[in-house]
Amino acid sequence: PKNNETAFQTEGDLVLFAHELFDNLKDIRGALRLLSDVITRFYHFQDILFVHKQSSGSYVIMYHWGEHNTDQFYRHPLSPNGEPDWEKLLYSDDETEYVVLTEDDFAGENISEAKSMVSFRVEDTKAIGYCVLVDRREKRDWQAEMPTLLKIGDFVVKRYFAQMEKQRQEEEAEYKSKYDH
């Protein structure tokens, strides 16, 4: 992709940056913020969401980065009038690696001015997550970007899940040390 907004010249540079960033930063939300800013500038789209599918079947936005910064936009980045129908919007086909949706597919969904989006699933042994990338300016097919975005998304979501599991284990150990004698 042609890019004048970041210091990265190639997608390989971007993948290397993602790995180095997460290997060297302890603050995972800070790393997500910086990486999301770089990725959206490199590929010229506006939003990244990391969504966790909980064991109950409900969906929770783990992290959202977007150009817009209003409270309403942040609470409901895809659907300002309430929760979107995640089952319709998220990747669910085992035969392809990702799903691309355009504004034509959003009819009746009230998706905040999105022209196109792509989502893909990332799984590890204990959790299922999704990366959702949204372009609010251009209807695109996302084909050229996907090999790199799949690599980065898989790495980032698995690292996030690992961090959350580590935090859960630390909290459990602290609780046991205080209350189990």
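Use the structure listed above.
I will try to describe carefully the structure that is included in this document. What you see is a predicted model, and the numbers here were worked out from it, not measured in a lab.

### Concerning unusual backbone geometry
- You will see that His44, though not glycine, has its phi angle at about 60°, which is positive.
- Locating His44 in the fold gives a position in the loop between helix H2 (28-43) and strand S1 (47-53).
- The phi torsion at Trp142 lies on the positive side, around 65°, for a residue other than glycine.
- Counting through the fold element by element, Trp142 comes out in the loop between strand S5 (128-135) and helix H5 (146-179).

### A word on the layout of surface pockets
- Volume-wise, the largest pocket comes out at about 250 Å³.
- Around the largest pocket, the lining residues are His52, Val60, Met62, Asp124, Lys126, Ala127, Tyr160, Phe161, Met164, Glu165 and Arg168.
- Of all the secondary-structure elements, those providing two or more residues to the lining of the largest pocket are strand S2 (59-66) and H5.
- In terms of residue count, the dominant contributor to the lining of the largest pocket is H5 (five residues).
- Its residues assigned to classes, the lining of the largest pocket comprises six nonpolar, one polar and four charged.

### Points about the packing of helix H1 (residues 11-24) against H2
- Running from N to C, H1 and H2 point in directions that differ by 170°, and their axes come no closer than 10 Å. In terms of their interaxial angle, H1 and H2 are classed as roughly antiparallel. Along the contact surface, H1 presents Glu11, Leu14, Phe17, Ala18, Leu21 and Phe22, while H2 presents Ile28, Ala31, Leu32, Leu34, Leu35, Val38, Ile39, Phe42 and Tyr43.
- Taken together, the residues of the contact of H1 with H2 sort by class into 14 nonpolar, no polar and one charged.

### Focus: the nonpolar core
- Phe22, Leu35, Ile39 and Phe50 are the most contacted members of the largest nonpolar core, which has 38 residues in total.
- Every element with two or more residues in this core is listed here: H1, H2, S1, S2, strand S4 (116-123), S5 and H5.
- Here this core takes nine residues from H5, the largest share from any one element.
- Judged by nonpolar contacts, the second largest core, of 13 residues, contains Val51, Tyr59, Leu101 and Val132.

### Quick notes on H2
- Taking 1.5 Å of rise per residue, the 16 residues of H2 would be expected to cover 22 Å, and the 22 Å separating its terminal C-alpha atoms lies within 8% of that figure.
- Regarding H2, the residues found buried are Ile28, Gly30, Ala31, Leu32, Leu35, Ser36, Val38, Ile39, Thr40, Phe42 and Tyr43.
- Considering only its buried residues, H2 is in contact with H1, S1, S2 and H5.
- A side-chain oxygen of the first residue of H2 lies 3.3 Å from the backbone nitrogen of Arg29; this N-cap is Asp27.
- Backbone geometry just after H2 places His44 at a positive phi near 60°.

### Details of the pairing of S5
- A large share of S5 lies buried, amounting to seven of its eight residues.
- Note: S1 against S5, seven bridges, orientation antiparallel. Bridge assignment links Asp47 to a residue of S5, and that residue is Val134.
- Of the strand pairs in this sheet, S4 and S5 are connected by eight bridges, and their pairing is antiparallel. Within S5, the residue paired with Met117 across the bridge is Val134.
- Connecting S4 to the antiparallel partner S5 that follows it, the hairpin turn spans four residues.

Rules behind the numbers
- Residue positions are counted from 1 within each chain, in the order its sequence is given.
- Side-chain atom pairs in this predicted model are given and counted only at pLDDT of 80 or more, local residue features only at pLDDT of at least 70, and totals for whole chains, interfaces and linings cover all residues.
- Side-chain metrics rest on all non-hydrogen atoms present in the structure, leaving aside hydrogens and water.
- Labels follow the DSSP assignment, with helices taken as runs of H or I lasting at least four residues and strands as runs of E lasting at least two, numbered in each case from the N terminus.
- Definitions used throughout: a 1 Å grid over protein atoms alone; a cavity as a set of points that fits a 1.4 Å probe which cannot get out; a pocket as an open set with protein on both sides within 12 Å along at least five of seven lines; a lining residue as one with an atom within 4 Å of a point.
- Grid points are joined across faces, edges and corners, and a volume is the space filled by probe spheres set on the points.
- By the convention adopted, Pro, Cys, Tyr, Trp, Phe, Met, Ile, Leu, Val and Ala count as nonpolar, Lys, Arg, Asp and Glu as charged, and the other residues, Gly among them, as polar.
- Axis angles are defined between N-to-C directions and span 0 to 180 degrees, where every axis is a line fitted to C-alpha atoms and, for a helix, only to the segment in contact.
- Here is the rule for angles: anything less than 35 degrees is roughly parallel, anything more than 145 is roughly antiparallel, 65 through 115 is roughly perpendicular, and the remaining ranges are oblique.
- In what follows, a contact means two residues having at least one pair of non-hydrogen atoms within 4.5 Å.
- To form a nonpolar core, buried Ala, Val, Leu, Ile, Met, Phe, Trp, Tyr and Cys residues must be joined to one another through side-chain atoms within 4.5 Å.
- A simple rule labels every residue: compare its accessible area, found with a 1.4 Å probe on the protein chains alone, to the largest value its type can have, and call it buried under 20%, exposed over 50%, or partly exposed in between.
- Here a helix's expected span is defined as the number of its residues, less one, multiplied by 1.5 Å.
- Whenever two N or O atoms come within 3.5 Å, that pair is a polar contact, provided that in protein one can donate a hydrogen and the other can accept it, and provided that, for residues adjacent in sequence, both atoms are side-chain atoms.
- At least two DSSP bridges between two strands are needed for those strands to be called paired.

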